[in-house]
Protein chains: 4
Amino acid sequence: MSRYFKSDNTAPVAPEIMAALQAANEGYARGYGDDPWTAQLEQRFTKLFERDVKVFPVSTGTAANALALATLVPPYGAVLTHEEAHIVRDECGAPEFMSGGARLILTGGRGAKIAPETLAAALDANPTSVHTVQPRAVSITQATELGTIYQPHEIAALSKLAHARGLRMHMDGARFANAVAALGCAPADITWRAGIDVLSFGATKNGALTAEAVVFFSPEHVADFEFRRKRAAHLLSKMRYVSAQLLAYLDNDLWLKLAGRANALAQRVATAAGSACFEPVEANEIFLQLGDARIAALRALDFEFYDWGASNSGQARFVVSWCQSEDDIEALCAALRELLDRD
Amino acid sequence: MSRYFKSDNTAPVAPEIMAALQAANEGYARGYGDDPWTAQLEQRFTKLFERDVKVFPVSTGTAANALALATLVPPYGAVLTHEEAHIVRDECGAPEFMSGGARLILTGGRGAKIAPETLAAALDANPTSVHTVQPRAVSITQATELGTIYQPHEIAALSKLAHARGLRMHMDGARFANAVAALGCAPADITWRAGIDVLSFGATKNGALTAEAVVFFSPEHVADFEFRRKRAAHLLSKMRYVSAQLLAYLDNDLWLKLAGRANALAQRVATAAGSACFEPVEANEIFLQLGDARIAALRALDFEFYDWGASNSGQARFVVSWCQSEDDIEALCAALRELLDRD
Amino acid sequence: MSRYFKSDNTAPVAPEIMAALQAANEGYARGYGDDPWTAQLEQRFTKLFERDVKVFPVSTGTAANALALATLVPPYGAVLTHEEAHIVRDECGAPEFMSGGARLILTGGRGAKIAPETLAAALDANPTSVHTVQPRAVSITQATELGTIYQPHEIAALSKLAHARGLRMHMDGARFANAVAALGCAPADITWRAGIDVLSFGATKNGALTAEAVVFFSPEHVADFEFRRKRAAHLLSKMRYVSAQLLAYLDNDLWLKLAGRANALAQRVATAAGSACFEPVEANEIFLQLGDARIAALRALDFEFYDWGASNSGQARFVVSWCQSEDDIEALCAALRELLDRD
Amino acid sequence: MSRYFKSDNTAPVAPEIMAALQAANEGYARGYGDDPWTAQLEQRFTKLFERDVKVFPVSTGTAANALALATLVPPYGAVLTHEEAHIVRDECGAPEFMSGGARLILTGGRGAKIAPETLAAALDANPTSVHTVQPRAVSITQATELGTIYQPHEIAALSKLAHARGLRMHMDGARFANAVAALGCAPADITWRAGIDVLSFGATKNGALTAEAVVFFSPEHVADFEFRRKRAAHLLSKMRYVSAQLLAYLDNDLWLKLAGRANALAQRVATAAGSACFEPVEANEIFLQLGDARIAALRALDFEFYDWGASNSGQARFVVSWCQSEDDIEALCAALRELLDRD
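Residues numbered from 1 in each chain as written. Chains lettered and ligands numbered in written order. Predicted model: local features only at pLDDT ≥ 70, side-chain atom pairs only at ≥ 80, totals over all residues. Heavy atoms only, no water.

Remarks on the overall build of chain A
At step 1: A tally of helices and strands in chain A yields 13 helices and 12 strands.
At step 2: Dimensions of chain A, computed from the C-alpha atoms along their principal axes, are close to 55 × 55 × 30 Å.
At step 3: Out of the 343 residues in chain A, the part that is buried amounts to 65%.
At step 4: Pairs at least 24 apart in sequence give 77% of the contacts found in chain A among residues at least 6 apart.
At step 5: For chain A, the accessible surface area stands at approximately 11,500 Å², while carbon and sulfur atoms represent 50% of it.
At step 6: Chain A carries 32 positive and 40 negative side-chain charges, and their two centres are separated by 5 Å. (Helix = DSSP H or I, 4+ residues; strand = E, 2+ residues; numbered from the N terminus. Buried < 20%, exposed > 50% of the residue type's maximum accessible area, 1.4 Å probe, protein only. Contact = heavy atoms within 4.5 Å. Areas by Shrake-Rupley, 256 points an atom, 1.4 Å probe, with all protein chains shown as cover. Lys, Arg positive; Asp, Glu negative; His and termini not counted. Charge placed at Lys NZ, Arg CZ, Asp CG, Glu CD.)

Here's what the structure looks like:
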């Protein structure tokens, strides 16, 4: 049997969440979110974020991102984001679709992070006039697609620039749990306290079956989100089963335990790989410069993972999931040490 | 505790399906449908329909309908459908959204069914020219939104008219199981053998957690469906959990057992209600002309159901679900007999 | 040479307007509306309508209608309108396109006019909920597509109903001049004084080359119209040539003289046709029940006009343009009198 | 009176074209392109391009570009283009709008030209999968937005790369006349013979009132262009007046005479400016590195032109139009020589 490091979304559902689904499966419940589980969500997220929030469950991270952005940005608007962002590379144009054709304006930046000076330059290079699309939002990912993490002050600096120009801040938190676990901060510290207006709060990659939540930190930003969600066919009739997942995910800090474990295991791999890591390992992803021969050798040992970068770049991505076995990690570390002549 | 007859989507998940979810929750599985459960779907649906089909799981019926129609119809196209159709009344414009702005052209028809002569007239009234939207598809619902059922020859007559003009046939099968169970026919008899090109195969209302499938009966009609599904954020990363539901739904004819039970219970309610039924009860929905006083009396007895028609119409809709208790049915029948002075 | 009664848009450009184009063709002028001709428009229309207005030139009536509606209605919105409306039958779905997929909800009504009770019923039949599209505007045509005219109090009654439910009022004024000339009223009387929020002010059918104007009666309704116009490629770089047409159109009441002449000639045809008119002739269009033989006879006499209604309905539409010759009218009247045995 | 070098679209209409409009203004003509002027277009463009073509007049360059691209690219598609392209910077997202949300993927390149190796790298960096937008077209501008010109072999090299991957080639020819006049080539040499599939053939910037044409070099690429044009409100009812402009534009090589004159005058300015030109002057645009003081000095002398680049870049753009006076050119040359200490 192979050892999977392809993605955290190949992992199964955490037992606590599966148990919650079973527990929710009793009797009737009104549809479309008018049920007791969904009713608890707002209170639970309000407590989690230490602020009144509006929460809307959806079933995919792409839905969360694209619907959130469509709510922030008009069809003739634009979203500034990093060229490595999931919304750019992995959503088949969902943000453009949901928004009615808004544009993604791309920036560079080390570790898939946008630096404040880069954002400032991008804003300067895109002045508004009736002849152009209108920048209206910035979207950042936490943890990023390259496994790095924004510090609270880094987010605050971006938000300050964005808000000063009338843009709103969106965070793609598909791996939000990994970021919070790694930083040891309050969820508020990297969201609204740092100027984030809307968060795509992910759970699917970290132990849920299929559950994400769009969290608005200011009620006025919700606008017509509910119509957009319904119209995009993301208002689930049997909503209780998504809400129950989210509640179980938060219960007893399960989300942080699962993410914390994945992060810690990833650190062990990073230590084994040493300088082969071409990005800092700050969450649960490891990016390695291995060369094609070592990549082939690892595959021969039954490790599954993705190639990275251009063809023949010799780069590979490993993602550690919440349920990765000790044995998998041990095996990967040993193989890397041997292949890299590290001991 | 109240007695629920609001909708079949307020019911819980059938134990067999919940067990299948639990069983699927072992180890890793590749994402986005490249898993063993999804791999079985095509073969299972091909056997079910006695023909090679293409099957695509999604999580809501609205997604199934709107994505299927968007694949059949260009932005400047039109879909002919009944004015009571779910795609018209209950999807917040999802077909328009997914298709890039195609139009729904509405017809009347008893029992929410389109009669062939009505379709012919609608086609005549919408000739094509560069100045108008182009009719490209017909969408019918089986069982209909008023609980009636198309006979195979009725569907075939519509398909013949539609195909002769170059239109394709879509069936909204949110309650497809109820129709097949009631007709006692082969699934093929009311789909491709009767000219249906694409089916939204529903399971959520009949015991699944959240699982629907778009079934194409000709591979060429699939076109760019997969891009549209992804772009609309309906390609689930943990697809195995939707596919596992669908497999369990078909195993041992579970789908027909559940739907057959609901249909049979609905017949008992229809018998109790007698001539108060203003639509024939052919599946699991009962539409009653009760008057406001009897409606209030039923609510006082803790029955939950929807008002129907215009305000003060005195009409009500009752939906019987797969898990409706004998006790609920008995109580409703008794209450109706008493209120309607029938014995 | 044939005698044209097909449409008023087959007529040439009025000499006064052609002269204005020539006069505007001197030297440089800043692009995109920042020119002296466009600068005069707002003042001229403000005077015309006895109220501060915002005016935006575009080059087609379909652009005026669809962009105006897209500004009033969100993608999940709906426009209530008559089933004979140009936006329904002759714009290939432009309103749906420009709005991002909003729906047209259709009503009936004699003479292509919506009666207040019909509008009230349509509003009642389309209550708002997250499951449905949201009615946000009513669109009426003045003069209508059947050559009839709304009286000021009829418009006011519709506006009162619409505004009470939060809907806005749009008027398609492709033949606005014919209506004002026929009613002998102030332009304000059938627009803002009667509750109209936005007007598509047509000139192309009544002597312009290609010139229409979107007139907003309240600045806040303009919203993002300018971005939508640009994005739809309807912001002309050499705007002066459209604005110059509109100015000449209003100069010395040219617009009313041209429309008044067409109306008067249409009356002569109506008199000749007598009871063959199946719609009242109130503007410059005549709808006749002739039978197929008489239709053929007229065509044999070199009259050009459109069939109307279903095939073999025996109905025909004649449109009288601003420049219709006396000779054409005389000939048509004589032919009709003879064919209809009227003398 | 100021001396205008802001844009070629601030110039008036060439007398020959105005005369053609006057000549077309006789009697009735069927609407929507079914007129004698439009009927001649296909033959005239077929002769011009030495190949059977399909031609569709529209009134703006943005409409031509966005409708052409929407015909080539599905909503989930992408267009590779230069970051300086008009479709990127000056159309408020019209390509995204018309296509239903397709993406523009941007490249760099000197002189606003895409180099073959840059295109190859961009294609490699955007492999297709269901998770991403699908590159389907390349759009280049001739002459470019920086006043440079692609040689025929440069276009052919790009087309070869694009076609090999299944992408189609679009050319934004807003200044096509300037390119052909400068190259002294056949129009075919830089279009279909070099692999271009669709051309936006511009006339407005070079003497027309408002007239552009979309030229398809293969009938199968036309696809549903006509529905898209109508739906976007760009099918003019009085089409004869646009077609008449295009015919007059081609008569007696007027288009090449006007463009050739502008190009020649621009060369004189380039000579006067010498090394201050930071882009080669190959058509009718001159880009100068002047410094803020000289820019202010020129403005004080009543020259009108646009700043270029970032604020305080000290760069300016001058566009020479077909009707630029000798006096304007002499004055600009003299001022530049003096300011730049050149003599």
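Read on for the rest.
A few points about the relation of the copies chain D and chain A
At step 1: Each copy superposes on the other: chain D lies on chain A with an RMSD of 0.0 Å after a rotation of 180° and an axial shift of 0.0 Å. Such a turn and shift between the copies fits a two-fold axis. When C-alpha positions in chain D are compared against the rotation axis, the closest is assigned to glycine 101 of chain D, at 2.1 Å. (Least-squares fit on C-alpha atoms with pLDDT ≥ 70 in both.)

A word on the domain arrangement of chain A
It is common to report an interface's size as the accessible area lost on association of the parts.
Residue and element names in this part refer to chain A.
At step 1: The assigned domain composition of chain A is domain 1 (3-10 + 254-341) and domain 2 (15-252).
At step 2: Using C-alpha coordinates to define each centre, domain 1 is positioned 27 Å away from domain 2.
At step 3: Of the residues lining the interface, 24 residues belong to domain 1; the matching set on domain 2 comes to 30 residues.
At step 4: In this assembly, domain 1 packs against domain 2 so that about 2,100 Å² is buried in total across both faces, 55% of it on carbon and sulfur atoms.
At step 5: Inspection of the domain 1/domain 2 interface yields 12 residue pairs in polar contact (both at pLDDT 80 or more).
At step 6: Mapped by element, the contributors of at least two residues to the side of domain 1 that touches domain 2 are helix H11 (254-273), strand E9 (285-289) and strand E12 (315-319).
At step 7: Examining the composition of the side of domain 1 that touches domain 2, we find that nine residues originate from one element, H11, more than from any other.
At step 8: A class-by-class count of the residues in the side of domain 1 that touches domain 2 yields 13 nonpolar, five polar and six charged. (Domains from an automatic or database assignment. Buried area = accessible area lost by both parts, 1.4 Å probe. Polar contact = N/O pair within 3.5 Å; in protein donor to acceptor, adjacent residues only side chain to side chain. Nonpolar A, V, L, I, M, F, W, Y, C, P; charged D, E, K, R; others polar.)

With respect to the interface of chain D and chain A
At step 1: In this complex, chain D contributes 16 residues to the contact, which on the side of chain A involves 16 residues.
At step 2: Buried area between chain D and chain A, both sides added, is near 1,300 Å², and the carbon and sulfur share of it is 44%.
At step 3: The interface formed by chain D and chain A contains eight residue pairs in polar contact (both at pLDDT 80 or more).
At step 4: Of the residues forming the side of chain D that touches chain A, the biggest block, three residues, is contributed by helix H4 (residues 86-89) of chain D.

A few points about the interface of chain B and chain A
At step 1: Contact residues are listed per partner, giving 53 residues for chain B and 52 residues for chain A.
At step 2: Contact between chain B and chain A buries roughly 4,500 Å² in total, counting both sides, with carbon and sulfur atoms accounting for 57%.
At step 3: Where chain B touches chain A, the interface holds two salt bridges.
At step 4: Close ionic contact of glutamate 304 of chain B with arginine 30 of chain A constitutes a salt bridge, the shortest N to O distance being 3.0 Å.
At step 5: Here chain B is connected to chain A by 37 residue pairs in polar contact (both at pLDDT 80 or more).
At step 6: Residue assignment for the side of chain B that touches chain A shows that the elements contributing at least two residues are helix H1 (15-24), helix H3 (61-72), helix H5 (94-99), helix H10 (225-231) and helix H11 (240-250) of chain B.
At step 7: Tallying contributions element by element places H5 of chain B first for the side of chain B that touches chain A, with four residues.
At step 8: Residue composition of the side of chain B that touches chain A, by class: 23 nonpolar, 18 polar and 12 charged. (Salt bridge = Lys/Arg side-chain N within 4 Å of Asp/Glu carboxyl O.)

Observations regarding the environment of alanine 179 of chain A
Residue and element names in this part refer to chain A.
At step 1: Within the element layout of this structure, alanine 179 appears in helix H8 (residues 176-183).
At step 2: Overall, the relative accessible area of 0% leaves alanine 179 in the buried class.
At step 3: Taking the C-alpha atoms as reference, alanine 179 lies 30 Å from arginine 294; in sequence the two are 115 residues apart.

Observations regarding the sheet that holds strand E9 (residues 285-289) of chain B
Strands in a sheet are paired, the pairing made by backbone hydrogen bonds, and the direction either parallel or antiparallel.
All names here are of chain B.
At step 1: Reading across the sheet, the three strands line up as E9-E12-E11 and stay open at both edges, with antiparallel pairing between neighbours. Each having just a single partner strand, E9 and strand E11 (306-308) make up the two edges of the open sheet. The sheet shows a mean angle of 35° between the axes of neighbouring strands, taken without regard to direction. (Pairing = 2+ DSSP bridges. Axes fitted to C-alpha atoms, helices over the stretch in contact; angles between N-to-C directions.)

Digging into the confidence of the model for chain A
At step 1: Summary statistics for chain A give a mean pLDDT of 96 and a share of 99% for residues scoring 70 or more.
At step 2: Across the predicted assembly, pTM comes out at 0.97 and ipTM at 0.96. (pLDDT = per-residue confidence, 0-100.)

Looking at the side chain of arginine 317 of chain D
At step 1: Of note, arginine 317 of chain D is situated in strand E12 (residues 315-319).
At step 2: There is a polar contact of 3.3 Å between the side chain of arginine 317 of chain D and the side chain of glutamate 285 of chain D.

A look at helix H14 (residues 326-339) of chain D
Residues and elements named next belong to chain D.
At step 1: Here H14 is 14 residues long and its end C-alpha atoms lie 20 Å apart, about the 20 Å a rise of 1.5 Å per residue gives.
At step 2: Residues of H14 that are buried include every one of Asp328, Ile329, Leu332, Cys333, Ala335 and Leu336, and no others. The arc enclosing the buried residues of H14, seen along the axis, measures out at 165°, which places them on a common side.
At step 3: As for H14, its buried residues are in contact with strand E1 (3-4), helix H12 (254-273), strand E9 (285-289), helix H13 (292-300), strand E10 (303-304) and E12.
At step 4: In the segment just after H14, aspartate 341 is the residue with positive phi, at about 55°. (Expected span 1.5 Å × (residues − 1). Arc of directions from axis to C-beta.)

A look at the pattern of salt bridges
At step 1: For the coordinates displayed, the defined rule picks out 79 salt bridges over all chains.
At step 2: With its nearest N and O atoms 3.4 Å apart, the salt bridge here joins lysine 54 of chain D to glutamate 42 of chain D. With lysine 54 of chain D in strand E2 (residues 54-58) and glutamate 42 of chain D in helix H2 (residues 36-49), this residue pair connects regions lying 12 residues apart in the sequence.
At step 3: Relative accessible area serves as the criterion here: at 32%, lysine 54 of chain D is assigned to the partly exposed category.
At step 4: A salt bridge links glutamate 330 of chain D to arginine 268 of chain D; its shortest N-O distance comes to 3.0 Å. Here glutamate 330 of chain D, found in helix H14, pairs with arginine 268 of chain D, found in helix H12; they are 62 residues apart in sequence, far enough to count as distant.
At step 5: A relative accessible area of 39% means that glutamate 330 of chain D is categorised as partly exposed.
At step 6: Each of the salt bridges in this network shares a partner with another, and the network as a whole consists of Asp8, Arg175, Glu285 and Arg317 of chain A.

Describing the pairing of strand E8 (residues 212-216) of chain B
Residue and element names in this part refer to chain B.
At step 1: In terms of burial, E8 is largely enclosed, as five of its five residues are buried.
At step 2: Side chains Glu212, Val214 and Phe216 of E8 all project onto a buried face; the interleaved residues Ala213 and Val215 project onto the opposite face, where all are buried too.
At step 3: Pairing analysis gives five bridges linking strand E2 (residues 54-58) to E8, with the strands arranged antiparallel. Counterpart to proline 57 in the pairing with E8 is alanine 213.
At step 4: As paired strands, strand E7 (residues 198-202) and E8 are joined by five bridges and run antiparallel to one another. Looking at the pairing, valine 198 lines up with phenylalanine 216 of E8.

Focus: the side chain of aspartate 224 of chain D
At step 1: Looking at where aspartate 224 of chain D falls in the secondary structure, it is placed in the loop between helix H9 (219-222) and helix H10 (225-231).
At step 2: When its relative accessible area of 16% is taken as the criterion, aspartate 224 of chain D is described as buried.
At step 3: Among the polar contacts made by the side chain of aspartate 224 of chain D, one reaches the side chain of tyrosine 76 of chain B at a distance of 2.8 Å.
At step 4: For aspartate 224 of chain D, the residues in contact, after removing those within four places along its chain, are Tyr76 of chain B together with Thr71 of chain D.

A short note on the packing of aromatic side chains
Two aromatic rings, taken as a pair, are described by how far apart their centres are and by the angle between their planes.
At step 1: Tallied over the entire structure, the rule returns 81 aromatic pairs over all chains.
At step 2: Measuring from ring centre to ring centre gives 6.3 Å for tyrosine 249 of chain A and tryptophan 255 of chain A, while their planes differ by 45°; the resulting arrangement is tilted.
At step 3: Judged by its relative accessible area of 1%, tryptophan 255 of chain A is buried.
At step 4: Relative to tryptophan 255 of chain C, the ring of phenylalanine 201 of chain C lies with its centre 5.6 Å away and its plane at 50°, an arrangement referred to as tilted. (Phe/Tyr/Trp six-rings, centres within 6.5 Å; stacked < 30°, edge-to-face > 60°.)

Some details on the sheet that holds strand E11 (residues 306-308) of chain C
All names here are of chain C.
At step 1: In spatial order, the strands read E9-E12-E11; together these three strands make up an open sheet with antiparallel pairing. At either margin of the open sheet sits one strand with a lone partner, and together these are strand E9 (285-289) and E11. Sheet twist, expressed as the average angle between the axes of neighbouring strands with direction ignored, equals 35°.
At step 2: The pairing of E11 with strand E12 (residues 315-319) spans three bridges and is antiparallel. If you follow tyrosine 306 over to E12, its bridge partner there is arginine 317.

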